[in-house]
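Next come the chains, spelled out residue by residue.
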Amino acid sequence: MQNLTVLGTGVLGSQIIFQSAYAGKTVVAYDINDDILAKLPARWEQLKPAYLRDVPGATSEKLDAAVARIRPSSDLADAVRDADLIIEAVPERLDIKQQTWEQVSKVAPAKTIFATNSSTLLPSDIAPFTDRPEKFLAMHFANQIWMFNVCEIMEHPGTDSVAFDAAVGFATEIGMEPVRIHKEQPGYVLNSLLVPFLDAAAQLLVRGVSSVEDIDKTWRISTGAPKGPFEIYDIVGMNTPYNLSKDSADPEKRKFAELIKTEYIDKGYLGIATGRGFYDYSK
Ligand code: NAD
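Residues numbered from 1 in each chain as written. Predicted model: local features only at pLDDT ≥ 70, side-chain atom pairs only at ≥ 80, totals over all residues. Heavy atoms only, no water.

A. Summary view of the packing of helix 9 (residues 190-206) against helix 13 (residues 251-263). The interhelical angle for the contact between helix 9 and helix 13, taken along N-to-C directions, is 80°, at an axis separation of 9 Å. When the interaxial angle is binned, helix 9 and helix 13 end up roughly perpendicular. Of the residues in helix 13, those touching helix 9 at Asp199, Ala202, Gln203, Leu205 and Val206 are Glu252, Lys253, Lys255, Phe256 and Leu259. When its residues are assigned to classes, the contact of helix 9 with helix 13 shows five nonpolar, one polar and four charged. (Axes fitted to C-alpha atoms, helices over the stretch in contact; angles between N-to-C directions. Helix = DSSP H or I, 4+ residues; strand = E, 2+ residues; numbered from the N terminus. Parallel < 35°, antiparallel > 145°, perpendicular 65-115°, else oblique. Contact = heavy atoms within 4.5 Å. Nonpolar A, V, L, I, M, F, W, Y, C, P; charged D, E, K, R; others polar.)

Have a look at this one:
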């Protein structure tokens, strides 16, 4: 599969576009209007130094060649007309995703495989809104795709094995480690492991069992893991755990949300991105 179209050019969509183009694919970057697409050149200039720093063998020439393989378009029919694969990275709202795939189905060629990059929605909730549920699946990439190169590929009960294998092949060709998920699982493999782990750390903290530093130290030293749970919270950023916990039925989760808000969010300590979260990164 040589021709990729990515729907949505935000945080993750732009990374999927750039990584695929860097790996030699021909990519159409689709978004809802030309003003949004006009920001892409600046985005590539942001990503280039990251590749030069983090990707062995990256050179300015290779990065310029990647940019030359990207064509922006705000016309959906034009954007998908030659696509072998469409990866959708539009906002995480079921109604937007369903509408998007309904419209794509009207204009995409019969050969095209459809994939959603949704973090939390199940492919079976979206597949009925396409004209080809057998060619629909999820391809879930991680933020900072060039470094954290896992692609979780998840089928729904109606996905056929040819489409699944093609998605695994594409992910491999663009430098990803494919993770094959043959049964729908909210949160895929990664978040099915990570979320309970982070919840357990929060529970230890709000119960007063131990401190942020000692909980992290226990995990790091005992398992050899490079980071403890609160260091991971700082990477994720405070807003996500706050939003996930603030209205929880579990009083301990609400207490954690309250703690994050008063001690961190209200003071502007949102995690590594702001230089301070549970830890101070300014020094
Ligand atoms: P984002 O808000 O940064 O980008 C969304 C983009 O979609 C924007 O450019 C917006 O203009 C565009 N858009 C809006 N409506 C559209 C439509 N109808 N058709 C086409 N484009 C449309 O969001 P994001 O963080 O890149 O997340 C996108 C998807 O990727 C979500 O499903 C999210 O769950 C998933 N994801 C995000 C991350 C992450 O760390 N941000 C990680 C893995 C997966």
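B. Focus on the site of the ligand. Neighbouring the ligand are 21 residues, the closest being Val11, Leu12, Asp31, Glu92 and Lys97. At a separation of 2.8 Å, an oxygen atom of the ligand approaches a polar backbone atom of Leu12. Across the complex, the protein chains shield 75% of the 830 Å² of accessible surface that the ligand would expose by itself. Secondary-structure elements contributing two or more residues to the shell around the ligand are helix 1 (11-22), helix 6 (94-107) and strand 6 (136-141). The class makeup of the residues in the shell around the ligand is nine nonpolar, nine polar and three charged. (Near = heavy atom within 4 Å. Polar contact = N/O pair within 3.5 Å; in protein donor to acceptor, adjacent residues only side chain to side chain. Areas by Shrake-Rupley, 256 points an atom, 1.4 Å probe, with all protein chains shown as cover.)

C. The packing of helix 9 against helix 11 (residues 229-236), seen in detail. Following both chains from N to C, one finds helix 9 and helix 11 inclined at 115°, their axes separated by 9 Å at the closest point. Classified by the angle their axes make, helix 9 and helix 11 are roughly perpendicular. Our pair here, helix 9 against helix 11, has a crossing hand that is left-handed. Packed against helix 9, whose contacting residues are Leu194, Phe197, Leu198, Asp199, Ala201, Ala202 and Leu205, the element helix 11 presents Pro229, Phe230, Ile232 and Tyr233 at the interface. Among the residues forming the contact of helix 9 with helix 11, the class breakdown is ten nonpolar, no polar and one charged. (Left-handed = near helix turned anticlockwise from the far one by under 90°.)

D. Seen up close, unusual backbone geometry. Located in the positive-phi region is Gln144, a residue other than glycine, with phi close to 65°. Relative to the elements of secondary structure, Gln144 occurs in the loop between strand 6 and strand 7 (150-154). In this model, Tyr188 sits at a positive phi of 55°, which is unusual for a non-glycine residue.

E. Focus on the pairing of strand 5 (residues 113-116). Alternating residues of strand 5 divide into Ile113 and Ala115 and Phe114 and Thr116, and every residue in both groups is buried. Here strand 4 (residues 85-88) pairs with strand 5 via four bridges, running parallel. Along strand 5, the bridge assignment pairs Glu88 with Thr116. Following the backbone out of strand 4, through helix 6 and into the adjacent parallel strand 5, one traces a crossover that is right-handed. (Buried < 20%, exposed > 50% of the residue type's maximum accessible area, 1.4 Å probe, protein only. Pairing = 2+ DSSP bridges. Right-handed = clockwise from strand over helix to strand, strands pointing away.)

F. Structural view of the packing of aromatic side chains. Inspection of every chain in the model, using the stated rule, returns twelve aromatic pairs. Centroid distance Tyr264 to Phe278: 4.8 Å. Interplanar angle 55°. Geometry classified as tilted. Of this pair, Tyr264 sits in the segment after helix 13 while Phe278 sits in the segment after helix 13; the two residues are 14 residues apart in sequence, bridging distant segments of the chain. Judged by relative accessible area, which is 16%, Tyr264 ranks as buried. Judged by relative accessible area, Phe278 falls into the buried class, the value being 9%. (Phe/Tyr/Trp six-rings, centres within 6.5 Å; stacked < 30°, edge-to-face > 60°.)

G. Local environment of the sheet that holds strand 3 (residues 70-73). The eight strands lie next to each other as 3-2-1-4-5-6-7-8, forming an open sheet whose pairing is mixed. Among the strands making up the open sheet, the edge pair consists of strand 3 and strand 8 (177-181). Going across the sheet, the axis of each strand differs from the next one's by a mean of 25°, ignoring polarity.

H. Region of the structure containing the pairing of strand 7. By the criterion of burial, strand 7 is predominantly enclosed, with four of the five residues buried. Across four bridges, strand 6 lies against strand 7 in antiparallel orientation. Note that in strand 7 the partner of His140 across the bridge is Glu152. When strand 7 meets strand 8, the two strands line up parallel, connected through five bridges. Within strand 8, the position partnered with Met154 by the bridge is Ile181. Taking the sense of rotation as the criterion, the β-α-β connection linking strand 7, helix 8 (residues 161-173) and strand 8 turns out right-handed.

That is the geometry; function is a separate question.
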